[in-house]
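# Fold and geometry: a report
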Amino acid sequence: MLPSRVPAPARRRPSAAVLGTVGACLLAVAAALLGATAAAHGTGELGIPSAGTATLLRTVLFGALAVHLGALAATALSRTLPGRPESAPRGWTAAASVAGALAAAGQIVRLARISDLGLVETYGTREGGLLLLTANGFALAACCAVSRRPALAAAPLALVVGAEALRAHPEAYSPAVGAALTAVHLTAASLWCGGLLHVLRTMRLWRRTAPVAARALLGRYARLAGLLYAALAATGTCSALRRLPPDVVLTSAYGRTLLAKLVLVAVVSALALGARRRLVSDADPATAHRRACRELVALAAVVLVSAVLTVVPDPHWLSTR
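Predicted model only: the values in this text are computed from it and were never measured. (Residues numbered from 1 in each chain as written. Predicted model: local features only at pLDDT ≥ 70, side-chain atom pairs only at ≥ 80, totals over all residues. Heavy atoms only, no water.)

This part covers the pattern of salt bridges. Taken as a whole and judged by the stated rule, the model has three salt bridges. Residue Glu164 pairs with Arg58 through a salt bridge whose shortest N-O separation is 2.3 Å. Of this pair, Glu164 sits in helix H6 (residues 154-167) while Arg58 sits in helix H2 (residues 51-78), and the two are 106 residues apart along the sequence. Considered together, Glu164 and Arg58 belong to a single accessibility category, that of buried residues. Bridged by salt links that share partners, the residues Arg58, Glu127, Glu164 and Arg167 form one connected network. (Salt bridge = Lys/Arg side-chain N within 4 Å of Asp/Glu carboxyl O. Helix = DSSP H or I, 4+ residues; strand = E, 2+ residues; numbered from the N terminus. Buried < 20%, exposed > 50% of the residue type's maximum accessible area, 1.4 Å probe, protein only.)

Interaxial distance between H2 and H6 falls to 11 Å at its minimum, and their mutual angle equals 145 degrees. When the axes of H2 and H6 are compared, the crossing they make is left-handed. Contacts between H2 and H6 involve Arg58, Phe62, Leu65, His68, Leu69 and Leu72 from the first element and Ala154, Leu157, Val160, Val161, Glu164 and Arg167 from the second. Classifying every residue of the contact of H2 with H6 by side-chain character gives eight nonpolar, one polar and three charged. (Axes fitted to C-alpha atoms, helices over the stretch in contact; angles between N-to-C directions. Left-handed = near helix turned anticlockwise from the far one by under 90°. Contact = heavy atoms within 4.5 Å. Nonpolar A, V, L, I, M, F, W, Y, C, P; charged D, E, K, R; others polar.)

Glancing now at helix H3 (residues 93-115). Over its 23 residues, H3 extends 33 Å from the first C-alpha to the last, a length consistent with the 33 Å expected when each residue adds 1.5 Å. Taken as a whole, H3 has its buried residues at Thr93, Ala96, Ser97, Gly100, Ala101, Ala103, Ala104, Gln107, Ile108, Arg110, Leu111 and Ala112. At its buried positions, H3 is contacted by H2, helix H4 (119-123), helix H5 (126-145) and H6. Backbone geometry just downstream of H3 places Asp116 in the positive-phi region, at approximately 55 degrees. (Expected span 1.5 Å × (residues − 1).)

Here you go:
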């Protein structure tokens with residue numbers, strides 16, 4: 001009698017969530033590489049060398065800052081909750097700051113290549129020096145993240161914010177005002193995006209063992225997010241009014257990208273408002289968690305478009321030519 005054939009073990013197929021995540025990442029990379037070129041199409045503006053690479057690196061830099069700075073803020077919020085569980089999600093802060101340092105270093109290499117300078121000579125330029133300061137700030141933040149006092153990372157991250165604010169405003173017209181607005185805007189955006197990410201990860205860990213604490217954490221974050229939203233709206237409006245002449249809103253890459261960002265911010269606002277209303281009316285933290293996840297996805301798109309906005313040309317020359 002022939003032995004029966006042993007069935008082969010079934011192969012595990014990738015879940016829909018994994019496939020969706022991979023697809024979203026590929027779409028984000030494509031949008032980063034092509035975004036600045038697409039926005040400038042037909043505007044007559046000079047092309048930015050390696051604009052796609054710059055956008056991708058700046059997206060990583062902004063994301064790294066948000067993950068680390070937001071985790072610090074969300075951790076501080078969770079510690080104020082009475083009766084909170086001792087468990088916490090696995091830290092991503094050190095890896096995020098390493099990624100930020102590498103992204104800043106990549107921008108230095110790009111700057112050296114397009115300027116036909118050596119690395120040492122690149123450090124001597126204004127942009128190269130600020131990028132070096134950013135890379136060192138992220139490296140110090142990564143060291144703080146793995147130390148016994150991870151909260152000390154706030155200081156080097158503030159250095160990163162300051163360097164980025166100065167780097168983004170080399171223009172002759174009121175650069176100090178622009179840098180101050182950018183510093184506040186970038187800090188508020190990082191706290192909003194990164195804070196929500198850490199809160200959602202903590203809620204996922206707590207929602208079965210401590211649903212009350214999970215819901216309370218999201219509620220406290222929602223109050224903080226309201227203040228951050230006000231700061232973002234005020235600084236974003238002031239920055240747009242001082243940098244974008246009204247007559248080139250539709251004919252400049254900056255204006256087109258800014259309009260796309262405003263549309264995404266409106267979507268984020270609607271999602272955030274819906275999540276906050278659900279938090280008030282529904283005691284189940286899982287429902288609010290799902291709605292806040294949608295808000296986080298939209299915020300990630302805002303971060304990407306913001307990176308494009310820092311790469312496209314200054315629109316003032318179109319208005320004055």
